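So the chains spell out like this:
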Amino acid sequence: MDRSGSDDLADAFDAYARRWPAEAATAALFGELLAQPGDPFRRERLAGHFTASCWLVDAGGTRALLTHHRKLGLWLQPGGHADGERDLRVAALKEAREESGLAGLRMEDGIFDLDRHWIPEHKGVPAHWHYDVRYVVRAGTDEAYVVSDESHDLAWRAIADLAIDAGADDSVRRMAGKWLARGAGQG
């Protein structure tokens, strides 16, 4: 494995833990996965593997684009498997483009959120852990999305509403709260 890329990602996990001290234990789990044998960037590693996703916000920073995930049946942020890509920023941006059909997307620096979640067995693939690394991706002026085969639907949702929506996924509410805490995307 490319050690420099792994070192960069390990540094990013450390920076995340400093920014979000209450999530230091989660960041440590991600660092441990990175240091384990086997390729944690491939979905075939069923002991756990990295995925990459994005908090895709509109140009004004007040709405997030969510996908009604076909396999899980939940409204979530766009994202997916790294499929061997060791730069999870590249993987997250690729997923954002594929799942939204939006052009002119741009990624912000740094990890926005980390989420380790259990994926149930599906079509013969055993249940396993996803270590999802999430980045902020900003939409341009064209917000006309295209629903991909991976989604039932897409929708722009007000971030302030997501933060208090008891029916929303816990991690979506957490990301909405983080976004609002940074001043609707300023800084």
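Keep in mind that what you see is a predicted model, and the values were worked out from it rather than measured.

Novice: Got a sec to walk through the nonpolar core? Specific residues and values, please.
Specialist: Formed by 32 residues in total, the largest nonpolar core has its most connected members in Phe13, Phe50, Leu56, Leu88 and Val133. Mapped onto this core, the elements with two or more residues apiece are helix H1 (3–19), helix H2 (24–35), strand E1 (49–57), helix H3 (88–100), strand E7 (128–138) and strand E8 (151–158). Examining the composition of this core, we find that 5 residues originate from one element, H3, more than from any other. Excluding residues that lie within four positions of it along the chain, Phe13 makes contacts with Ala27, Phe30, Gly31, Leu34, Phe50, Ile111, Leu114 and Val133. Among the nonpolar cores identified, the runner-up in size contains 13 residues, and Ala64, Leu76, Val136 and Val172 belong to it.

Novice: If you had to explain the layout of surface pockets to someone new, which residues and values would you point to?
Specialist: Estimates place the volume of the largest pocket at around 920 Å³. His69, Leu72, His81, Ile119 and His130 are the residues nearest the centre of the largest pocket, which is lined by 38 residues in total. Those elements that provide at least two residues to the lining of the largest pocket are E1, strand E2 (63–69), strand E4 (79–81), H3, strand E6 (113–119), E7 and helix H5 (170–181). In terms of residue class, the lining of the largest pocket is built from 9 nonpolar, 14 polar and 15 charged. In this structure, the second largest pocket spans a volume of roughly 200 Å³. Taken together, 11 residues form the lining of the second largest pocket, with Asp8, Leu9, Asp87, Arg89 and Tyr135 sitting closest to its centre. Those elements that provide at least two residues to the lining of the second largest pocket are H1 and H3. Of all the elements, H1 adds the most residues to the lining of the second largest pocket, at 4 residues. Of the residues assigned to the lining of the second largest pocket, the class counts are 5 nonpolar, 2 polar and 4 charged.

Novice: Explain the pairing of E1 residue by residue, including any values.
Specialist: Across the 9 residues of E1, 9 count as buried, placing the element largely inside the fold. The two faces of E1 match: His49, Thr51, Ser53, Trp55 and Val57 on one face and Phe50, Ala52, Cys54 and Leu56 on the other face are all buried. As paired strands, E1 and E7 are joined by 9 bridges and run parallel to one another. Bridged to Phe50 within E7 is Tyr131. When E1 meets E4, the two strands line up antiparallel, connected through 3 bridges. Note on E4: the bridge partner recorded for Ala52 is Gly80.

Novice: Mind laying out a negative patch on the surface, listing which residues take part and the relevant values?
Specialist: A cluster of acidic residues, Asp8, Asp11, Asp14, Glu85 and Asp87, forms a negative patch on the protein surface. Assignment of secondary structure puts Glu85 in the loop between E4 and H3. A relative accessible area of 31% places Glu85 in the partly exposed class.

Novice: I'd like to hear about the packing of aromatic side chains, residue by residue, with values.
Specialist: Each aromatic ring pair is characterised by the separation of its centres together with the angle its planes make. By the definition in use, this model includes 9 aromatic pairs. Measuring from ring centre to ring centre gives 5.6 Å for Phe13 and Phe30, while their planes differ by 70°; the resulting arrangement is edge-to-face. In this pair, Phe13 is assigned in helix H1 and Phe30 in helix H2, connecting sequence segments 17 residues apart. When sorted by exposure, Phe13 lands in the same class as Phe30, which is buried.

Novice: For unusual backbone geometry, give the residues involved together with the corresponding values.
Specialist: Residue Asp83 is not a glycine yet carries a positive backbone phi of 50°. With respect to the helices and strands, the residue Asp83 is situated in the loop between E4 and H3. Residue classification places Asp83 among the partly exposed residues on the basis of a relative accessible area of 39%. Phi is positive for Lys123, close to 50°, though the residue is something other than glycine. Examined against the element boundaries, Lys123 turns out to sit in the loop between E6 and E7. Lys123 sits in the exposed class, given a relative accessible area of 75%.

Each value, and the rule that gives it
Residues numbered from 1 in each chain as written. Predicted model: local features only at pLDDT ≥ 70, side-chain atom pairs only at ≥ 80, totals over all residues. Heavy atoms only, no water. Core = buried A, V, L, I, M, F, W, Y, C linked by side-chain atoms within 4.5 Å. Buried < 20%, exposed > 50% of the residue type's maximum accessible area, 1.4 Å probe, protein only. Helix = DSSP H or I, 4+ residues; strand = E, 2+ residues; numbered from the N terminus. Contact = heavy atoms within 4.5 Å. 1 Å grid on protein atoms, 1.4 Å probe; cavity = no way out; pocket = protein on both sides within 12 Å on 5 of 7 lines; lining within 4 Å. Points joined across faces, edges and corners; volume = space filled by probe spheres on them. Nonpolar A, V, L, I, M, F, W, Y, C, P; charged D, E, K, R; others polar. Pairing = 2+ DSSP bridges. Patch = residues over 30% accessible without salt bridge, like charges linked within 9 Å, V, L, I, M, F, W, Y side chains within 5 Å. Areas by Shrake-Rupley, 256 points an atom, 1.4 Å probe, with all protein chains shown as cover. Salt bridge = Lys/Arg side-chain N within 4 Å of Asp/Glu carboxyl O. Lys, Arg positive; Asp, Glu negative; His and termini not counted. Charge placed at Lys NZ, Arg CZ, Asp CG, Glu CD. Phe/Tyr/Trp six-rings, centres within 6.5 Å; stacked < 30°, edge-to-face > 60°.

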